[in-house]
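# Commentary on secondary and tertiary structure
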Amino acid sequence: TGMFRPSGSGFRQKLVGFVLRAALYGSWVLGIFPFTFDSWTRKLHRSKWLIAYGIVVNAGLVALVILNDTEAETPAKMEVFHRNPLAEQVNQIHDIQSLTMVAFILLRAYWESGNIERILNELMDLHRRHFRHYSLEECSGFDSFVLKKGLSIGMEVVSMLILELGMSPNFSRQLWVGVTSLCVMLVGVLLGASHFHLATVFVYRYVWIVNRELLRLVNQLDRGQAVDATRVDYLLNLYSRLLELNSKISRIYDYQMILVIVSFLVANILAIYFFIIFTISLKKDLDLRLLIVIPQGFIINMFDFCLSIAVCEMAERAGRQTSTILKLFNDIEHLDEKVERSISEFALFCCHRRLRFRHCGLFYVNCAMGFRMALTSFQYLLFLIQFDYWNL
């Protein structure tokens, strides 16, 4: 679709277009995007055949992962579990939580596919009718996030390969089948989570355009040129539609995003916990494998976690900038009465409706909350160490 075409002729814009198309086609192949595109009506339509295909593919991947699990044959992990039974129990709980997350993300996506269809069609309609004529080359935040998200998905897959193969001395056929299935399943989960991130970053880009148009109107009035009040009303209508779409997106993906965030944080807690057991309890020498296999997973998980928080913070900051730009109209002298009324309505709307992300009505997702989540996960690590202190 037009939304996924490069926003400019530069290398960066072409690379962004490639990442977006790769995410789209990858989601289709893995059965987590059960929609077909009608080029005549330019709308997406939910396909029950694609839903059935996705269920079969992902159920097959889960079965392959379970049937080809070679964790019991990994001496390093078995040494850890033999030395510390709590580590084995926590690892089993994390495995169950991960499989539950995969099943829930997929089933929730299929269950809400009708609502997702309407949201994506409205986003495409907004792009086609109102935003496709604007120059987007200056919106570097959009391009930067898409490239980082594509990089993070690739890094997560490489990290999984390093973690699984680096801890396994025997490269058997069963191991390769299990690891391949696990990596493909991981890509599906990450692409499913990226649907929320990409929808959010598109909302951010359109809010960014609205802000740029408001700033252009301010500059136009400052130069003494006339501004039509209907233009302000038009931007207010677009802004309200974007906030409504953002609310719908958050409601659909809130449970999935909480599970993904929790999974990242739990994986990081276990990575540090296992590293402590290796280095302190088992008194292993810090060889190159130990210094690479576990820390790289922690670092890449934190990078992906930070991206999940940063996209919400970026969109929220764009919403705050809208209110800041509207305040600039107060500095304009002899403002037309109709324009002043339209600006007042816009400002009043921004006071009552803000671009924010509140998952399950429990907490807002921004940098401050992300820092508190990271701090809380560190505290849980300390609790785990204190609870199992005598086994370390």
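Everything that follows concerns the structure shown earlier in this document.
Below you will find a few notes about this structure. What you see is a predicted model, and the numbers here were worked out from it, not measured in a lab. (Residues numbered from 1 in each chain as written. Predicted model: local features only at pLDDT ≥ 70, side-chain atom pairs only at ≥ 80, totals over all residues. Heavy atoms only, no water.)

Moving on: the overall build of the protein. Scanning the protein for helices and strands turns up 11 helices and 4 strands. Residues counted as buried form 52% of the 392 residues belonging to the protein. Intrachain contacts of the protein at a sequence separation of at least 6 include 81% that bridge at least 24 residues. About 19900 Å² of surface is accessible on the protein, with carbon and sulfur atoms providing 62% of the total. (Helix = DSSP H or I, 4+ residues; strand = E, 2+ residues; numbered from the N terminus. Buried < 20%, exposed > 50% of the residue type's maximum accessible area, 1.4 Å probe, protein only. Contact = heavy atoms within 4.5 Å. Areas by Shrake-Rupley, 256 points an atom, 1.4 Å probe, with all protein chains shown as cover.)

Our next topic: the pairing of strand E2 (residues 43-46). Where strand E1 (residues 35-38) and E2 come together, 4 bridges link them in antiparallel fashion. By the bridge assignment, Phe37 is partnered in E2 with Leu44. Where E1 hands over to E2, the hairpin turn is made up of 4 residues, of which Arg42 adopts a positive phi near 55°. (Pairing = 2+ DSSP bridges.)

Grouped together as the largest cluster of nonpolar side chains are 102 residues, with contacts concentrated most on Phe131, Phe142, Val201, Tyr204, Val210 and Phe346. If we skip the residues at most four places from it in the chain, Val210 touches Phe131, Leu235, Leu238, Tyr239, Leu242 and Phe346. If you look at the next biggest cluster of nonpolar residues, it comprises 12 residues, including Ile269, Leu270, Ile276 and Ile277. (Core = buried A, V, L, I, M, F, W, Y, C linked by side-chain atoms within 4.5 Å.)

The next point concerns the packing of helix H2 (residues 48-67) against helix H4 (residues 85-111). Following both chains from N to C, one finds H2 and H4 inclined at 175°, their axes separated by 11 Å at the closest point. The angle between H2 and H4 falls in the class roughly antiparallel. Where H2 abuts H4, its residues Ile51, Gly54, Ile55, Asn58, Val62 and Ile66 lie against Leu99, Val102, Leu106 and Tyr110. (Axes fitted to C-alpha atoms, helices over the stretch in contact; angles between N-to-C directions. Parallel < 35°, antiparallel > 145°, perpendicular 65-115°, else oblique.)

Interhelical geometry of helix H1 (residues 11-29) versus helix H7 (residues 173-222) gives an angle of 140° and a closest axis separation of 11 Å. Regarding the angle of H1 to H7, the classification is oblique. The handedness of the crossing between H1 and H7 comes out as left-handed. Listed contacts from H7 to Leu20, Ala23, Gly26 and Ser27 of H1 are Leu191, His195, Leu198 and Phe202. The residue inventory of the contact of H1 with H7, partitioned by class, reads 5 nonpolar, 3 polar and no charged. (Left-handed = near helix turned anticlockwise from the far one by under 90°. Nonpolar A, V, L, I, M, F, W, Y, C, P; charged D, E, K, R; others polar.)

This part is about a positive patch on the surface. On the surface, a cluster of positive charge is made up of Arg46, Lys48, Arg118, Lys248 and Arg251. Here Lys248 shows up in helix H8 (residues 229-281). (Patch = residues over 30% accessible without salt bridge, like charges linked within 9 Å, V, L, I, M, F, W, Y side chains within 5 Å. Salt bridge = Lys/Arg side-chain N within 4 Å of Asp/Glu carboxyl O. Lys, Arg positive; Asp, Glu negative; His and termini not counted. Charge placed at Lys NZ, Arg CZ, Asp CG, Glu CD.)

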